[in-house]
Amino acid sequence: MTTATPITPTVNGRVIALAHYAGRAVLERVLARTGNTFNQSVTLRVVAIADTPIARDKVAADVTGSLKIEESAVQTTIDELVTAKLVEEDSPDGSGLRLTPVGRELYERVTAETNQISARIYADIPAEDLATAGRVLTLVTERANAELART
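Summarised in this report is the structure supplied together with it. (Residues numbered from 1 in each chain as written. Predicted model: local features only at pLDDT ≥ 70, side-chain atom pairs only at ≥ 80, totals over all residues. Heavy atoms only, no water.)

1. Details of a nonpolar patch on the surface
At step 1: Residues V11, V136, L137 and V140 make up a contiguous nonpolar surface patch of roughly 290 Å² in combined accessible area.
At step 2: Note on placement: L137 falls in helix α6 (residues 127–150). (Patch = residues over 30% accessible without salt bridge, like charges linked within 9 Å, V, L, I, M, F, W, Y side chains within 5 Å. Areas by Shrake-Rupley, 256 points an atom, 1.4 Å probe, with all protein chains shown as cover. Salt bridge = Lys/Arg side-chain N within 4 Å of Asp/Glu carboxyl O. Helix = DSSP H or I, 4+ residues; strand = E, 2+ residues; numbered from the N terminus.)

2. Description of the environment of R104
At step 1: Position of R104 relative to the elements: it lies in helix α5 (residues 101–122).
At step 2: The sequence separation of R104 and V87 amounts to 17 residues, and the corresponding C-alpha distance is 8.8 Å.
At step 3: Not counting residues within four places of it along the chain, the set of residues in contact with R104 comprises A48 and L99.
At step 4: Within the local environment of R104, its side chain forms a polar contact with the backbone oxygen of A48, the two atoms lying 3.5 Å apart. (Contact = heavy atoms within 4.5 Å. Polar contact = N/O pair within 3.5 Å; in protein donor to acceptor, adjacent residues only side chain to side chain.)

3. A look at the pairing of strand β3 (residues 96–99)
At step 1: When strand β1 (residues 54–55) meets β3, the two strands line up antiparallel, connected through 2 bridges. By the bridge assignment, I54 is partnered in β3 with L97.
At step 2: Where strand β2 (residues 87–89) meets β3, 3 bridges bridge the pair, whose relative direction is antiparallel. Directly across from E88, in β3, lies its bridge partner R98. (Pairing = 2+ DSSP bridges.)

4. Some points on helix α1 (residues 13–32)
At step 1: Spanning 20 residues, α1 covers 27 Å between terminal C-alpha atoms, matching the ideal 28 Å at 1.5 Å per step.
At step 2: Every buried residue of α1 is accounted for by L27, V30 and L31. Along α1, the residues classed as buried sweep out an arc of 95° about the axis, all on the same side. Exposed side chains of α1 directed beyond 90 degrees from the buried face belong to R14, Y21, R29 and A32.
At step 3: Elements that come into contact with the buried residues of α1 comprise α2 (38–48) and α5.
At step 4: Of the residues that open α1, the one with a side-chain oxygen 3.0 Å from the backbone nitrogen of R14 is N12. (Expected span 1.5 Å × (residues − 1). Buried < 20%, exposed > 50% of the residue type's maximum accessible area, 1.4 Å probe, protein only. Arc of directions from axis to C-beta.)

5. What about the side chain of T100?
At step 1: Mapped onto the elements, T100 comes out in the loop between β3 and α5.
At step 2: Side-chain polar atoms of T100 contact the backbone oxygen of K85, separated by 2.6 Å.
At step 3: Setting aside anything within four residues of it in sequence, one finds T100 in contact with K85, L86, V87 and E88.

6. Re the sheet that holds β2
At step 1: Ordered in space as β1-β3-β2, the 3 strands form an open sheet in which the pairing is antiparallel. Whereas interior strands pair on both sides, the edge strands pair on one side only; in this sheet they are β1 and β2.
At step 2: Most of the contacts of α2 go to β3, to which it runs at about 95°, and overall it touches β1, β2 and β3. (Axes fitted to C-alpha atoms, helices over the stretch in contact; angles between N-to-C directions.)

7. With respect to unusual backbone geometry
At step 1: In this structure, K85 takes a positive phi of about 60° despite not being glycine.
At step 2: Mapped onto the elements, K85 comes out in the loop between α4 (71–83) and β2.
At step 3: Positive phi values are uncommon outside glycine, yet D124 reaches one of about 70°.
At step 4: Within the secondary structure, D124 is located in the loop between α5 and α6.

8. Regarding the packing of aromatic side chains
At step 1: If you walk through the whole model with that rule in mind, you get 0 aromatic pairs.
At step 2: The ring of F38 carries the charged tip of R24 above its face, separated from the ring centre by 3.7 Å. (Phe/Tyr/Trp six-rings, centres within 6.5 Å; stacked < 30°, edge-to-face > 60°. Lys NZ or Arg CZ within 6 Å of the ring centre and 35° of its normal.)

Structural data, given as structure tokens:
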């Protein structure tokens with residue numbers, strides 16, 4: 001009796017989606033312990049990595065482009081972060097945003113925890129394979145974004 005050799009799937013939408021949703025579920029589990037949502041985490045990151053206060057419109061555009069959601073949903077998320085005192089408005093007109101000390105601590109804690117998990121997930125995958133996957137996924141993302149722009 002012979003055993004079947006496992007078939008390695010080629011990259012397609014389902015394989016990409018399964019990897020994405022598995023990774024997102026891991027992040028969602030970390031976020032659940034903080035009381036924050038995925039959208040809040042993505043938005044908080046945009047503010048956190050900015051060297052200086054960042055324009056609210058720039059945050060909204062970045063998150064809208066990344067998550068492919070309506071700008072109104074991102075504006076609501078920004079308001080939630082301000083209300084939770086994780087982000088504060090840096091100018092009288094509310095056009096600039098920066099992290100509060102509480103927001104910085106949350107961002108750093110979630111980042112540290114997810115970095116540890118990511119290290120386990122990506123452990124022992126050859127660097128060449130990761131580079132190839134990165135190139136392929138970047139190309140797929142560019143092409144999908146081009147398709148979205150057509151409609």
